[in-house]
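Residue-level listing of the chains:
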Amino acid sequence: MTREARLVLALVAATALARLPLAAVLGLSVDEAYTVVMARRVSLGYFDHPPVTYWLAALAARLSGGEAAIAVRLPFVLLFTGTSLLLFRLGRRLFGASAGLIAAVLLNVALYFTVCTASWVLPDGPLLFFSAAATVCLAEAVFGSEDAARPYWMGFGALAGGALLAKYHGVFLLAGAFLFLLLAPAQRRWLRRPEPWLALGVSGLVFGPVLVWNATHGWASFLFQGGRAGTLDEGHGSPFLDSVGGQALWMSPWIWLPLVVVLLDALRQGARDERRFLLACLAVGPIAGFTLLTALGVRGLAHWQAPGYFFVLPLLADSVARRLAAGAPWTRRWLWGSAAATALLLAVLVSHALTGWLGRLTPWLFARGDPTQDLISWDAVPERLSAWGQPAPGVVVAGSRWGEAGKLALALGPAVEVTSVGEDPRGFRFVEPQEQLLGRDVLLLAERRARAQEPMESYAPFFQRIEPLGSVLLRRGGKAELEVSVYLARGFRRPIPQRRPR
């Protein structure tokens, strides 16, 4: 075993051991809670995303006998260790062992990857794992022995299908591979051979469960995701500037700028350097595509580009490795400084997520909202409801939005059926459609939000009457940070119109 391989194994072991206690003490985010709750029903597909993330959460919950944060996050911690090893292998295959090692380091240093992808119950973890494995196969197919290429092409097809089963971003993997074969003259011969097309067919077969689910549910998931990418922003500010700034923050600004530089350089060089051009083709789709949408006025989410930056990491690693070999002192300092800055930033973020101290010290920092409040547990809700004699027999328990319903359902446990009767129920519309609730009483919980309409007013037209029961204060670090109002809404009269989810 080489020195670089030993160092990578030490890296993934150390980072995994560090993430496990954090996975245990940090509460599940809104998106994670919603995913775990939706995963209670194993299905071929789901409203928001393809099923792999839900299947992993369901498997973890069943094997552990519960839905504790550490249990449902464990598969994603393990997947990320595999992703780190695969990225090392990809970097080593394309540029050498030193580049592979540095690519694995950068993956664990870039903020979005090391925080959200590395342990949270989100689609990006499985997406990157399958994408890395598929790209290893693709690199072996196009740069290895042509006589041994067919198994690698089939592996690429199956693993690209796995990426599609994790997140629809997987389509960029297939599109990027086709773009590379089309634009690299020496590789264009593959388009006249059956292997790439057989691989595409294999991907379609693996993706089949999602097609079946959508076909039997009005293509709901495709319409939802397509609508998100086609809705113009009606708020203030610049979607484009917000997107670029968000990308820089999520990737860590000191890493993001070099990533952009090496990507542009690889695109400029084109097929003259096929190995770098392959990664550039795989990266450019999500980065350029979603950024262009924001330039057209679409309010996108900054992490949508992250799977593209994942493929730029080996490009940056190659550049760093060559600079280190040339004895560039500032490059070494930059690399160590990036790791130290990320460790410090994580310490600040984790301590704030657990206590909320940063918001009390610098409230201006969260003038537009504190995203770590998504991690606050709703475990105080069941006890308060029980004191009020709720949920009473025959009463439907519901959140006013999909996120609140997810947090509520997680806190109450799988024995209590929870749905959403708000304007944006997401997947809860398939749990218990509003049409089935007509005439019933609903125990409605709504998080109080600044500048939001009073729930008794907004929901009044849809019920015979609404009785306020009280509020539950959700605390962090001993301080009340969120307030959840509870209402007993009598006689559901008519379905609430659905707005396009964002």
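Figured I'd write up the structure that's included with this text.

## So, the overall build of the chain
The secondary structure content of the chain amounts to 21 helices and 5 strands. Relative to the 2.2 N^0.38 estimate, which gives 23 Å for 502 residues, the radius of gyration of the chain is 24 Å and therefore close to what a compact globule would have. For the chain, the spread of C-alpha atoms along the three principal axes comes to 70 × 50 × 45 Å. Partitioning the contacts of the chain with sequence separation of at least 6, the portion at a separation of at least 24 is 72%.

## Quick notes on the pairing of strand β4 (residues 463–476)
Regular strands have side chains that alternate between both faces of the sheet. Relative to strand β5 (residues 479–492), β4 runs antiparallel, the two being bridged by 12 bridges. When the sheet's bridge partners are listed, Pro 468 is paired in β5 with Tyr 487. Hairpin connection between β4 and β5: a loop of 2 residues separates the two successive antiparallel strands, and Gly 477 in this loop has a positive phi of roughly 60°.

## What to know about helix α13 (residues 239–251)
Taking 1.5 Å of rise per residue, 13 residues should cover 18 Å, and α13 covers 18 Å from first to last C-alpha, within 8% of that figure. Turning to α13, its buried residues number three or more, namely Pro 239, Ser 243, Gly 246, Gln 247, Ala 248 and Met 251. Buried residues belonging to α13 abut α6 (111–119), α14 (253–269), α15 (274–295) and α16 (306–325). Count one or two residues on from α13 and you reach Ser 252, which has phi positive near 80°.

## Some details on the nonpolar core
Where a protein is soluble and globular, its nonpolar side chains tend to be buried together. By size, the foremost hydrophobic cluster in this structure holds 84 residues, and its most contacted members are Phe 113, Trp 153, Phe 156, Phe 180 and Phe 310. In this structure Phe 180 touches Val 142, Phe 143, Gln 187, Glu 274, Phe 277, Leu 278 and Cys 281, once residues within four positions along its chain are discounted. Residues Leu 28, Leu 408, Phe 428 and Val 486 belong to the second largest nonpolar core, which totals 38 residues.

## Focus: α16
The end-to-end C-alpha separation of α16 is 29 Å, in line with the 28 Å expected for 20 residues at 1.5 Å each. Along its length, α16 shows its largest kink, about 30°, at Val 312, and proline Pro 314 lies within four residues downstream of that point. Once α16 finishes, Gly 327 follows within two positions and takes phi at roughly 85°, a positive value.

## Examining the packing of aromatic side chains
Using the criterion set out here, one finds 22 aromatic pairs in the structure. Taking the centre distance of 6.2 Å and the plane angle of 75° together, the rings of Phe 113 and Phe 310 count as edge-to-face. Taken together, the positions of Phe 113 in helix α6 and Phe 310 in helix α16 put the pair 197 residues apart, joining distant regions of the chain. Counting every residue linked through ring pairs, the aromatic cluster contains Tyr 112, Phe 113, Trp 250, Phe 310 and Phe 311. Positioned above the aromatic ring of Phe 143, the side-chain terminus of Arg 275 is 4.8 Å from the ring centre. Against the face of Trp 330 rests Arg 333, its NZ or CZ located 4.8 Å from the ring centre.

## Some points on empty space enclosed by the protein
Gaps left between atoms are located by rolling a probe of water-molecule size over the structure's atoms. Applying the stated criterion across every chain, the model contains 1 cavity of 30 Å³ or more. The volume enclosed by the largest cavity comes to roughly 70 Å³. What lines the largest cavity is Leu 127, Ser 131, His 169, Phe 172, Leu 173, Leu 282, Pro 286, Pro 307 and Phe 311. Listing elements by their share of the lining of the largest cavity, those giving two or more residues are α7 (124–143), α9 (170–183), α15 and α16. Taken together, the residues of the lining of the largest cavity break down into 7 nonpolar, 2 polar and no charged.

## Thoughts on the pattern of salt bridges
The tally for this structure, following the rule as stated, stands at 21 salt bridges. We note a salt bridge from Glu 146 to Arg 189, for which the minimum N-O separation is 3.1 Å. With Glu 146 in the loop between α7 and α8 (149–166) and Arg 189 in the loop between α9 and α10 (194–206), the pair connects residues that are 43 residues apart, well separated along the chain. Assessed through its relative accessible area of 35%, Glu 146 is described here as partly exposed. Overlapping salt bridges, with partners in common, bring together Glu 146, Arg 150, Arg 189, Arg 193 and Glu 195 in one network.

## Comments concerning the sheet that holds β5
In space, the 5 strands of this open sheet follow the order β2-β1-β3-β5-β4, with mixed pairing throughout. With partners counted over all chains shown, the strands left at the sheet margins are β2 (418–420) and β4, one partner each. Adjacent strand axes in the sheet meet at a mean angle of 30°, parallel and antiparallel pairs treated alike. Together, β3 (442–447), β4 and β5 form the strand contacts of helix α19 (residues 380–387), whose direction differs from that of β4 by roughly 135°. Its contacts with the sheet put helix α20 (residues 402–412) on β1 (396–399), β2 and β3, and the angle it makes with β2 is roughly 175°.

## Brief notes about unusual backbone geometry
In this model, Gln 390 is joined to Pro 391 through a cis peptide bond whose omega is 0°. If you trace the backbone, Pro 391 turns up in the loop between α19 and β1. One non-glycine residue, Trp 219, adopts positive backbone phi at about 55°. Relative to the helices and strands, Trp 219 resides in the loop between α11 (208–215) and α12 (220–228). Taking relative accessible area as the criterion, Trp 219 reaches 40% and is therefore assigned partly exposed. The phi angle at Arg 426 is positive, at roughly 50°, despite the residue not being glycine. Considering the arrangement of structural elements, one finds Arg 426 in the loop between β2 and β3.

## As for a nonpolar patch on the surface
A cluster of nonpolar side chains, contributed by Phe 178, Leu 182, Leu 183, Trp 197 and Leu 200, occupies part of the molecular surface with about 460 Å² of accessible area. Secondary-structure elements contributing two or more residues to the nonpolar patch are α9 and α10. Ranked by the residues each element gives to the nonpolar patch, the list is headed by α9, at 3 residues. By the element assignment, Trp 197 lies in helix α10.

Thresholds, definitions, all that
Residues numbered from 1 in each chain as written. Predicted model: local features only at pLDDT ≥ 70, side-chain atom pairs only at ≥ 80, totals over all residues. Heavy atoms only, no water. Helix = DSSP H or I, 4+ residues; strand = E, 2+ residues; numbered from the N terminus. Rg over C-alpha atoms; globule rule 2.2 N^0.38 Å. Contact = heavy atoms within 4.5 Å. Pairing = 2+ DSSP bridges. Expected span 1.5 Å × (residues − 1). Buried < 20%, exposed > 50% of the residue type's maximum accessible area, 1.4 Å probe, protein only. Core = buried A, V, L, I, M, F, W, Y, C linked by side-chain atoms within 4.5 Å. Bend = angle between axes of the 7 residues up to and from the residue. Phe/Tyr/Trp six-rings, centres within 6.5 Å; stacked < 30°, edge-to-face > 60°. Lys NZ or Arg CZ within 6 Å of the ring centre and 35° of its normal. 1 Å grid on protein atoms, 1.4 Å probe; cavity = no way out; pocket = protein on both sides within 12 Å on 5 of 7 lines; lining within 4 Å. Points joined across faces, edges and corners; volume = space filled by probe spheres on them. Nonpolar A, V, L, I, M, F, W, Y, C, P; charged D, E, K, R; others polar. Salt bridge = Lys/Arg side-chain N within 4 Å of Asp/Glu carboxyl O. Axes fitted to C-alpha atoms, helices over the stretch in contact; angles between N-to-C directions. Patch = residues over 30% accessible without salt bridge, like charges linked within 9 Å, V, L, I, M, F, W, Y side chains within 5 Å. Areas by Shrake-Rupley, 256 points an atom, 1.4 Å probe, with all protein chains shown as cover.

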